[in-house]
Number of protein chains: 2
Amino acid sequence: MRELLGGPGTWGGLWLRAAQVAFAAASIGVMASAAGFAGYTAFCYLIASMGLQALWSLGLAFLDGYALKVKMDLNNAVLVSLFVVGDWVTAILSFAASCSAAGVVVLFERDITFCRRYYQLPCSRFQLATAFAFLSWSLSATSALIMFWLLASF
Amino acid sequence: MRELLGGPGTWGGLWLRAAQVAFAAASIGVMASAAGFAGYTAFCYLIASMGLQALWSLGLAFLDGYALKVKMDLNNAVLVSLFVVGDWVTAILSFAASCSAAGVVVLFERDITFCRRYYQLPCSRFQLATAFAFLSWSLSATSALIMFWLLASF
């Protein structure tokens, strides 16, 4: 079993998880501070999905930190299978949420020009939250691929 | 190299590709017949992405058919790597297009109630096209997983 950059119980893995939590939390924070977001299903779903992403990544970040501290080896097939399933589920949900939020943001911005007509609508916050969600998803997808690779190499 | 259900050059693979083409074509047909779809970026992107999906799957369906006819073996690492990359790219694009179209459909239907206010808007066609796109994506994702599995088993 070789050590893989970003695998479970490594410094790379810990940083990857921490960055996922940070971007997901930023996305939730920006979206929750945008007035009237609750009227749009896609944005509510974005918050729910980023919340799940943040919780999952936070849990794994603590596990990585603990494993680093007590020098525990997390590279066993059962644990890695669990990480693979969780990572793939959260990554797919995050991607779906990011894409649907992006679809709505583009609609507001370009197609039905809500952003120009109703300038109390916090469009820039919607955009920023969606961008953070995409960043969180891209790191989550990286983790999911690394875990899948690890599982395949057992 | 074992034969995998739905792998390249098998009857299962041919059916899977044919179903992908059928659902993608149905999605394009329904969306293109919906008046005014061109005013919405997400729906234009859905057509573009389903077009790519249909072309790619059609090409592979022909290849599968040819391989079945002349009893050619498509199970070699170079070809399967090519299929993996193509399948993953088209599957991810289809998923992104389906999710953003679904985000816009839900927005029209529930959040800003465009469907009730403007009944010339062909909401049911938008919904049907999005549903077909999700079906096409789910089969495309199945193919992508089968190809990845095949590649991993070389």
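In this numbering scheme, every chain counts its residues from 1 along its sequence in written order. Both sets of labels track the order of writing: A upward for chains, 1 upward for ligands. Owing to the predicted nature of the model, reporting of local features is limited to residues with pLDDT of at least 70; listing and counting of side-chain atom pairs is limited to 80 or more, with chain, interface and lining totals taken over all residues. Working from all heavy atoms in the structure, the side-chain values ignore hydrogens and water.

Worth spelling out the cut-off: UniProt positions are given in the numbering used here, feature names are shortened, and annotations may be inferred rather than shown by experiment.
An unreviewed UniProt entry lists chain A under the name CASP-like protein, from Brachypodium distachyon. Database annotation for chain A, UniProt heading Subunit (unreviewed entry): "Homodimer and heterodimers."

### Section: the relation of the copies chain A and chain B
Threshold: When the copies are overlaid, the least-squares fit takes in C-alpha atoms only where the residue has pLDDT of at least 70 in both copies.
For the match of chain A to chain B, the screw axis carries a shift of 0.0 Å, the RMSD comes to 0.0 Å, and the turn is 180°. When the rotation and shift are considered jointly, the pair of chain copies conforms to a two-fold rotation axis. Relative to the rotation axis, the closest C-alpha in chain A is found at A:Ser100, a distance of 2.0 Å.

### Side note on the UniProt feature "transmembrane region" (unreviewed entry) in chain A
All names here are of chain A. We apply this condition: Only DSSP runs of H or I covering at least 4 residues are called helices, and only runs of E covering at least 2 are called strands; the numbering of each starts at the N terminus.
The UniProt feature table records "transmembrane region" (unreviewed entry) at residues 14-35, 42-68, 88-108 and 128-152. Between the C-alpha atoms that bound residues 14-35 there is a distance of 34 Å. The span itself is 86% helix and 0% strand. Taken end to end, residues 42-68 has its terminal C-alpha atoms 38 Å apart, with 100% of it in helix and 0% in strand.

### Here's the deal with the packing of aromatic side chains
Residues and elements named next belong to chain A. The condition that has to hold: Two rings from Phe, Tyr or Trp (for Trp, the six-membered ring) form a pair when their centres are within 6.5 Å of each other. A pair whose planes differ by under 30 degrees is stacked, one over 60 is edge-to-face, and the rest are tilted. Relative accessible area decides the class of each residue, using a 1.4 Å probe on protein chains only: under 20% of the type maximum gives buried, over 50% gives exposed, and in between gives partly exposed.
Across all of its chains, the model carries 26 aromatic pairs over all chains by this definition. For the ring pair Phe43 and Phe108, a centre distance of 6.5 Å and an interplane angle of 80° mean the geometry is edge-to-face. Here the residue Phe43 occupies a position in helix H2 (residues 41-70), and Phe108 occupies one in helix H3 (residues 77-111), the gap between them amounting to 65 residues. Since its relative accessible area comes to 0%, Phe43 is described here as buried.

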